[in-house]
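Now for the letters of each chain:
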Amino acid sequence: MKRIQKVLFGLSGILLLLASINSPVLLPYPVFVFVVLRGWCLPKLISPAIRFLFSTSICTLFLEISAWFDNFIRNAPEPALLHPQLIPDLIISIGVYSAWWLAWWLMLQYYHFTTSEIFVITGLYGVIIEQQGAILLAGLSTFPLGAILWVFVATVYGSTMALAFFLVRDSFTVTHNGWVKYPLALGGLVGFTLVTAIAWGIILQTLDIIPPPKLPMWDYPLW
């Protein structure tokens, strides 16, 4: 990365860090910028698959907590979450975020992806699936202004998965390329999300451990 690119990249991180004061859900992006500029990487103490799982779990956990806190500070009457209480929300989110790890792990076994490519593809996936497609439709109905909403969502999703990959990038040495990798990755993310979310939902329903949603969030923050 050239010096001017580093400066602009760093400035973007600072700007979104300031923006995250009002929208904490943006926090994954400035963290991503900081880690990339520092060139950090997780130590190779475990197998590549478990290492990537650990990285993805930490980054997506941070994303979900940031999203929950974003809704909590506003005491959102209709929280854009899987569940308004933090602990159930994190438990339910396993069904979604496990698909991120599974889809990208499989793709990275066969194709080479850059951090930027993972950012863009996961960001596009986020626009498609966020709030079960409501964000995609909202952007279309108010286009071109609606594109701002898409960029917001894509930045959050993209930076989270790009960070997870960047931290373990040295685990992936495949050099094979090809345009087909892009639709495969996007389709894999969407497809695996449907499968893992439904499967995890059935498990949770069978175990009956998720309490019913309670509002307002300020009165019932955790459970």
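In short, a report on the structure. (Residues numbered from 1 in each chain as written. Predicted model: local features only at pLDDT ≥ 70, side-chain atom pairs only at ≥ 80, totals over all residues. Heavy atoms only, no water.)

### With respect to the packing of aromatic side chains
Let me state the cut-off plainly: Pairing of aromatic side chains requires ring centres within 6.5 Å, counting the rings of Phe and Tyr and the six-membered ring of Trp. Pairs whose planes differ by under 30 degrees are stacked, by over 60 edge-to-face, and all others tilted. What counts as a helix is a DSSP run of H or I of at least four residues, what counts as a strand is a run of E of at least two, and both are numbered from the N terminus. Residue burial is assigned from relative accessible area. The probe radius is 1.4 Å, only protein chains are included, and a residue is buried under 20% of its type maximum, exposed over 50%, and partly exposed in between. To sit over a ring, a charge needs its Lys NZ or Arg CZ within 6 Å of the ring centre and within 35 degrees of the ring normal.
With the rule as written, the count across this model stands at 17 aromatic pairs. Consider the rings of Tyr97 and Trp100, whose centres lie 5.0 Å apart with planes at 90°: the pair is edge-to-face. Taken together, the residues Tyr97 and Trp100, both in helix 4 (residues 86-110) and three residues apart, mark about one turn of the helix. An identical accessibility class is assigned to Tyr97 and Trp100; each is buried. Taken together, a centroid distance of 5.9 Å and an interplanar angle of 35° make the contact between Phe143 and Trp150 tilted. When its relative accessible area of 19% is taken as the criterion, Trp150 is described as buried. Following the ring pairs from residue to residue traces out a cluster consisting of Phe9, Tyr29, Phe32 and Phe119. Against the face of Phe166 rests Arg169, its NZ or CZ located 3.8 Å from the ring centre. The positively charged end of Lys181 is found above the aromatic ring belonging to Phe113, 4.7 Å away from the centroid.

### Observations concerning the packing of helix 5 (residues 115-129) against helix 8 (residues 181-207)
Helix-helix packing is described using two parameters, namely the angle between the two axes and the distance between the axes. Rule in force here: Note on geometry: axes are C-alpha line fits, over the in-contact stretch for helices, and angles between N-to-C directions span 0 to 180 degrees. Each angle receives one of four descriptions, namely roughly parallel if under 35 degrees, roughly antiparallel if over 145, roughly perpendicular if within 65 to 115, and oblique otherwise. Each crossing gets its hand from how the near helix is turned against the far one by less than a right angle, where anticlockwise is left-handed and clockwise is right-handed. Two residues form a contact once any of their heavy atoms are found within 4.5 Å. Any residue that is not Ala, Val, Leu, Ile, Met, Phe, Trp, Tyr, Cys, Pro, Asp, Glu, Lys or Arg is counted as polar, Gly included; the first ten are nonpolar and the last four charged.
One way to put it is that helix 5 packs onto helix 8 with a least axis distance of 10 Å and a crossing angle of 45°. Relative to helix 8, helix 5 is oriented oblique. Of the two possible hands of crossing, helix 5 and helix 8 adopt the one that is right-handed. Where helix 5 approaches helix 8, its residues Glu117, Ile121, Thr122, Leu124, Tyr125, Ile128 and Ile129 are matched on the opposing element by Lys181, Tyr182, Ala185, Leu186, Leu189, Val190 and Thr193. The residue inventory of the contact of helix 5 with helix 8, partitioned by class, reads 10 nonpolar, two polar and two charged.

### Considerations on the environment of Phe72
Structurally, the position occupied by Phe72 is in helix 3 (residues 48-73). For Phe72 and Ile118, which are 46 residues apart along the polypeptide, the C-alpha to C-alpha distance reads 29 Å. For Phe72, the residues in contact, after removing those within four places along its chain, are Met217, Trp218 and Pro221.

### Description of the side chain of Asn71
Note on placement: Asn71 falls in helix 3. In this structure Asn71 comes out as buried when scored by relative accessible area, which is 5%. Those residues in contact with Asn71, other than ones at most four positions away along the chain, are Ala76, Pro79, Ala80, Leu81 and Met217.

### Section: the nonpolar core
Short version of the rule: In this description, a nonpolar core means a group of buried Ala, Val, Leu, Ile, Met, Phe, Trp, Tyr and Cys residues linked to one another through side-chain atoms lying within 4.5 Å.
Core analysis: the biggest nonpolar cluster contains 51 residues, and Phe32, Phe52, Trp100, Trp104, Leu108 and Phe113 have the highest contact counts within it. Here this core gets 11 residues from one element, more than from any other, and that element is helix 7 (residues 146-166). Beyond its immediate chain neighbours, meaning those up to four positions away, Phe113 contacts Trp104, Met107, Leu108, Ile118, Ile121, Phe165, Lys181 and Ala185.

### Quick look at the environment of Ala138
By secondary structure assignment, the location of Ala138 is in helix 6 (residues 134-141). Sequence spacing of Ala138 and Trp150 is 12 residues, and the spatial spacing of their C-alpha atoms is 9.1 Å.

### Examining helix 1 (residues 3-19)
Applicable threshold: A helix is expected to reach a length of 1.5 Å times the quantity of its residues less one. Directions from the helix axis toward the C-beta atoms define the arc.
Between its first and last C-alpha atoms helix 1 spans 24 Å; for 17 residues at 1.5 Å apiece the expected length is 24 Å, and the two agree. Taken as a whole, helix 1 has its buried residues at Phe9, Gly10, Ser12 and Gly13. In a view along the axis of helix 1, the buried residues occupy a sector of 155°, so they form one face of it. Set apart from the buried face of helix 1 by more than 90 degrees, the exposed residues are Arg3, Ile4, Leu8, Leu15 and Leu18. Against the buried residues of helix 1 lie helix 2 (28-38).

### Here we look at the pattern of salt bridges
We apply this condition: When a carboxyl oxygen of Asp or Glu lies within 4 Å of a side-chain nitrogen of Lys or Arg, that pair is called a salt bridge.
Counted by the stated rule, this structure contains four salt bridges. With a closest N to O distance of 3.8 Å, Lys44 and Asp170 form a salt bridge. Residue Lys44 is located in the loop between helix 2 and helix 3, and its partner Asp170 is located in the loop between helix 7 and helix 8; the two are separated by 126 residues in the primary sequence. For Lys44, a relative accessible area of 58% puts it in the exposed group. Asp170 sits in the partly exposed class, given a relative accessible area of 32%. For Arg74, the salt bridge identified is with Asp70, shortest N-O distance 3.2 Å. Taking the relative accessible area as the measure of exposure, Asp70 reaches 7% and is therefore buried. Among the charged side chains, a network of salt bridges with common partners joins Lys44, Arg51 and Asp170.

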